[in-house]
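The lines below spell out each chain.
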Amino acid sequence: MTSKVLFRGNTSQPPPSDIADALARAASRLGGLGWPFIWFSEVTSTNDVLAMLADNGAAEGAVVGAEAQTAGRGRFGRVWHSPSMAGLYLSLLLRPASYAAPLVTIAAGVAVSEGIETATALQTSVKWPNDVNSGGRKIAGILAEAGTSANGLQHVVLGCGINVMPAAYPPEIAQRATSIEGELGRRVDRGAVVAECLVAFAAHYEHLRNGKQSAVLDSWRRRAAPSLGRRVEWEFKAVTRRGVAEDVDESGALLVRTDAGLERIISGEVRWI
Ligand code: BTN
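Bear in mind that the values here come from a model prediction, so they are computed numbers and not experimental data.

Colleague: Explain the site of the ligand here, please?
Modeller: Neighbouring the ligand are 20 residues, the closest being Ser45, Gln69, Arg73, Arg75 and Lys138. Taking Thr46, its side chain carries an N or O atom lying 3.2 Å from a nitrogen atom of the ligand. When the ligand is considered free in solution it has 410 Å² of accessible area, and contact with the protein chains removes 97% of it. Using a 2 Å cut-off from the grid points, one finds that the ligand occupies the largest pocket. Elements with a contribution of two residues or more to the shell around the ligand: helix H2 (46–55), strand E3 (87–94), strand E6 (137–149) and strand E7 (152–163). A total of 4 residues in the shell around the ligand trace back to one element, the largest contributor, which is E6. Per-class residue counts for the shell around the ligand are 6 nonpolar, 10 polar and 4 charged.

Colleague: What am I meant to see in the packing of helix H3 (residues 104–120) against helix H6 (residues 190–209) here?
Modeller: Two packed helices can be described by the angle between their axes and the distance between those axes. At their nearest, the axes of H3 and H6 sit 7 Å apart, and the two run at 140° to each other. When the axis of H3 is compared with that of H6, the two are oblique. The crossing of H3 and H6 is right-handed. When H3 is examined against H6, the residues Val104, Ala107, Ala108, Val110, Ala111, Val112, Glu114, Gly115, Ile116, Thr118, Ala119 and Thr120 are found in contact with a partner set consisting of Ala192, Val193, Glu196, Cys197, Ala200, Phe201, His204, Tyr205 and Leu208.

Colleague: Hey, could you run me through the layout of surface pockets in this one?
Modeller: Picture a little ball the size of a water molecule; that probe, rolled over the atoms, points out where space is still empty. Size it by volume and the largest pocket reaches roughly 990 Å³. In terms of lining, the largest pocket is formed by 42 residues, of which the most central are Arg78, Trp80, Asp131, Lys138 and Arg176. Elements represented by at least two residues in the lining of the largest pocket include exactly H2, E3, strand E5 (131–134), E6, E7, helix H4 (171–174) and strand E12 (271–272). For the lining of the largest pocket, the per-class residue count stands at 16 nonpolar, 15 polar and 11 charged. In this structure, the second largest pocket encloses a volume near 230 Å³. Residue lining of the second largest pocket: 15 residues in total, with Pro102, Thr105, Pro129, Gly252 and Ile266 positioned closest to the centre.

Colleague: Hey, could you run me through unusual backbone geometry in this one?
Modeller: Keep in mind that most residues, glycine aside, have a negative phi and that most peptide bonds are trans. That bond from Trp35 to Pro36 is cis: its omega, -5°, falls within 30 degrees of zero. Inspection of the secondary structure puts Pro36 in the loop between helix H1 (17–25) and strand E1 (37–43). Backbone torsion omega between Trp128 and Pro129 reads -5°, so that peptide bond is classified as cis. Despite not being glycine, Phe76 has its phi angle at roughly 60°, a positive value. Of note in this structure, Lys237 is not a glycine but carries a positive phi near 50°. Relative to the assigned elements, Lys237 resides in the loop between strand E8 (231–236) and strand E9 (239–248). The class of Lys237 is exposed, set by a relative accessible area of 71%.

Rules used throughout
Residues numbered from 1 in each chain as written. Predicted model: local features only at pLDDT ≥ 70, side-chain atom pairs only at ≥ 80, totals over all residues. Heavy atoms only, no water. Near = heavy atom within 4 Å. Polar contact = N/O pair within 3.5 Å; in protein donor to acceptor, adjacent residues only side chain to side chain. Areas by Shrake-Rupley, 256 points an atom, 1.4 Å probe, with all protein chains shown as cover. 1 Å grid on protein atoms, 1.4 Å probe; cavity = no way out; pocket = protein on both sides within 12 Å on 5 of 7 lines; lining within 4 Å. Sits in = over half its atoms within 2 Å of the grid points. Helix = DSSP H or I, 4+ residues; strand = E, 2+ residues; numbered from the N terminus. Nonpolar A, V, L, I, M, F, W, Y, C, P; charged D, E, K, R; others polar. Axes fitted to C-alpha atoms, helices over the stretch in contact; angles between N-to-C directions. Parallel < 35°, antiparallel > 145°, perpendicular 65-115°, else oblique. Left-handed = near helix turned anticlockwise from the far one by under 90°. Contact = heavy atoms within 4.5 Å. Points joined across faces, edges and corners; volume = space filled by probe spheres on them. Buried < 20%, exposed > 50% of the residue type's maximum accessible area, 1.4 Å probe, protein only.

Rendered as C-alpha cells:
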C-alpha cells in the first residue's frame, strides 16, 4: 500500500449538495453504484485514493470524487488537468468477474457519453477506446486501472474526468479540449451529469454481467459512428502504420483495415488523421 499523502486533511466529506441531491433522485436507477460516495476538496488522484480503499476491502460501487486533483493522470502517463470547480473528477470501484472485465472501459465511454447527453442535451460521441468528444474535441476521458493479486483480478478502478466549465487548459491540449458549458453556452447541473453517467453505466454493467456483451458493443458502435470509417495511424515497433478504423471486435479491440489486411489494435494510442 502507498504511504504517500493522497488527500488534504484526514477526513472525507459527503458530496456537495448538488451531487447528493441528484444521486438521491436517481437512487432507484443506480443499481447499487455510487455507494458510498466519498468526496474530498483536493486529492492527488481519485484513482489513487480509491485504489487504497479497494486494497482495504471497499465494496464494488464505491465512488471517490474530488473538487480538484493535484496529480490527476490520463492514459499513457499524461497529466489530466484538474483545476478546482472546472471539472468532475470521479473514480468508481468495480469487482467484475473475469468474463465481464474486458469491456468495462468500452462500457464506461458509452455511459459517460449517454449520461452527459441525458443530463444536458449536449450531443457527444465516443472515440476508441473511450474518449468522449463533442464538436470534434475531447470533453471527457476514462482511465481504468486494475488491481491484481496472485489470485488474479481483484478490482478495477474506473477513473473519469469530465470537463464541465471552460478552463485555462495548457497550450498543448487547448485546441483539442472542450467543456460541456463551453459547448452549450449555459450553466449545467453537474450533479445530474454525475447521476446520469452512473445510471447509464449501471445499465451497461448489468448487460456485461448478464453476458450481453453485444448490447454494449452495439451501443458503442452507434456512439462511435463519426470516427469509424476514418483513417487512423499508430506506432508499431517504431514504425508508423496507417489504415481505416472499421469496427471493434468482441474483446473491444479496434479493427483497422490496412493494405496487409485487418489488424487488431488492443492497446496503445491511435491518431485519427
Ligand atoms: C484520459 O487520458 O483520457 C483519461 C483521463 C482520466 C482522468 C480521470 S480524473 C479522475 C481519475 N483520476 C485520475 O487521476 N485520472 C482519472
